[in-house]
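# Residue-level structure breakdown
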Amino acid sequence: MSATHEEFLGRLIAARLLIPSGVEGVYGRGDRFEAVCEGMDRYVTQAGAGDGAERIRFPPVVTRANFERSEYLKSFPDLAGVVYGFTGKDREHQELLRKLERHEDWTGGLVPTDVVMTPAACYPIYPTLSGVLPPGGRRFDVLSYCFRHEPSSDPARMQLFRMHEYVRVGSPDVVRSFRNVWQERGTEMLRSLGLEARVDVAHDPFFGRAGRMLAANQRDQSLKFELLVPICSAEKPTACVSFNYHQDHFGQLFGIHLPGGGPAHTACVGFGLERIALALFARHGTSIDNWPVAVRRMLDV
């Protein structure tokens, strides 16, 4: 397995698995690509079905107020996406149309709305949990399209993609145990699909000089692990699943408390549906009909 990002993307487009939009990292999904993503989504649901997680689905936006409280902009300002809207009257509308006709920048006539694109599927959950948790904490099953502004010719770095996550909120011991269980479970899941998956310690792409220190601390404390799978390169595999221990970060920010007092800890496991689909097409070929029967049955494709 060795191909440039452009070569692999070309094969995906030729097979009508991805449909280009004219903007890097933004694609339509063909019927068979979507079937694999849906199959993987079902597989993730089945894997966590016995854990008692509450299933919640949010639209792919978070409120701007909660986004600001999350401190995302402190660490990832370059990845954020804000939704803008038009609030002017007739005069402003006419000026917008004149700029549009002259091929000038018309976006200055728009203003930020009260919503921001969701950066991770778990983000809308934490603001809803303010207060004291029940004994034993809470579990959630969440799924959302997510946005990160990082245009790239690498098909695995989409600007809009789906994350199916399980979130655990509770005491430090409970949360760490959850993450450890899912590390083993996630590795077994991907290997059962014929993927060469391995877990490695990782860090988030924190921004700027201060971000380098945050990344080092995150790695030194083993707060983030990733399940790496070859897509275009075995030497530089791609993170398809992430396991994140946030400590009491969200508990502090959103006032989530343990029954005995003190802020709750949180962790999440996130399955990147598009990335896993890409890994499967890279491993087994762009024609699902030629995939191993066991894999097709597992995903029902």
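The rules behind these values
- Residues numbered from 1 in each chain as written.
- Predicted model: local features only at pLDDT ≥ 70, side-chain atom pairs only at ≥ 80, totals over all residues.
- Heavy atoms only, no water.
- Helix = DSSP H or I, 4+ residues; strand = E, 2+ residues; numbered from the N terminus.
- Buried < 20%, exposed > 50% of the residue type's maximum accessible area, 1.4 Å probe, protein only.
- Contact = heavy atoms within 4.5 Å.
- Salt bridge = Lys/Arg side-chain N within 4 Å of Asp/Glu carboxyl O.
- Pairing = 2+ DSSP bridges.
- Axes fitted to C-alpha atoms, helices over the stretch in contact; angles between N-to-C directions.

With respect to the helices and strands, the residue Val269 is situated in strand β14 (residues 265–272). Judged by relative accessible area, which is 1%, Val269 ranks as buried. Considering only alpha carbons, one finds Val269 and His164, 105 residues apart in sequence, at a separation of 8.3 Å. Excluding residues within four positions of it along the chain, Val269 makes contact with His164, Glu165, Tyr166, Phe178, Trp182, Val241, Ser242 and Phe243.

Before going further, it helps to examine unusual backbone geometry. Phi angles above zero are rare outside glycine, and Arg16 is one such case at about 60°. Mapped onto the fold, Arg16 is located in the loop between α1 (5–14) and β1 (18–20). Residue Arg16 is classed as exposed on the basis of its relative accessible area, which comes to 56%. The backbone phi angle of Glu71 is positive, close to 70°, even though this residue is not glycine. On the basis of relative accessibility, which here comes to 29%, the residue Glu71 falls in the partly exposed class.

Another aspect to go through is the pattern of salt bridges. One pass over the full model with this rule turns up 15 salt bridges. A salt bridge links Glu274 to Arg29, with the shortest nitrogen-to-oxygen separation between them at 3.1 Å. Of this pair, Glu274 sits in helix α9 (residues 273–284) while Arg29 sits in strand β2 (residues 27–29); the two residues are 245 residues apart in sequence, bridging distant segments of the chain. Of the two residues, Glu274 and Arg29, neither departs from the other in class, the shared state being buried.

Strand order in this open sheet of three strands is β4-β6-β5, and the pairing throughout is antiparallel. Unpaired on one side and paired on the other, β4 (61–63) and β5 (82–85) mark the two borders of the sheet. Each adjacent strand pair in this sheet contributes to an overall mean axis angle of 50°, direction not counted.

Purely geometric numbers; function is a separate question.
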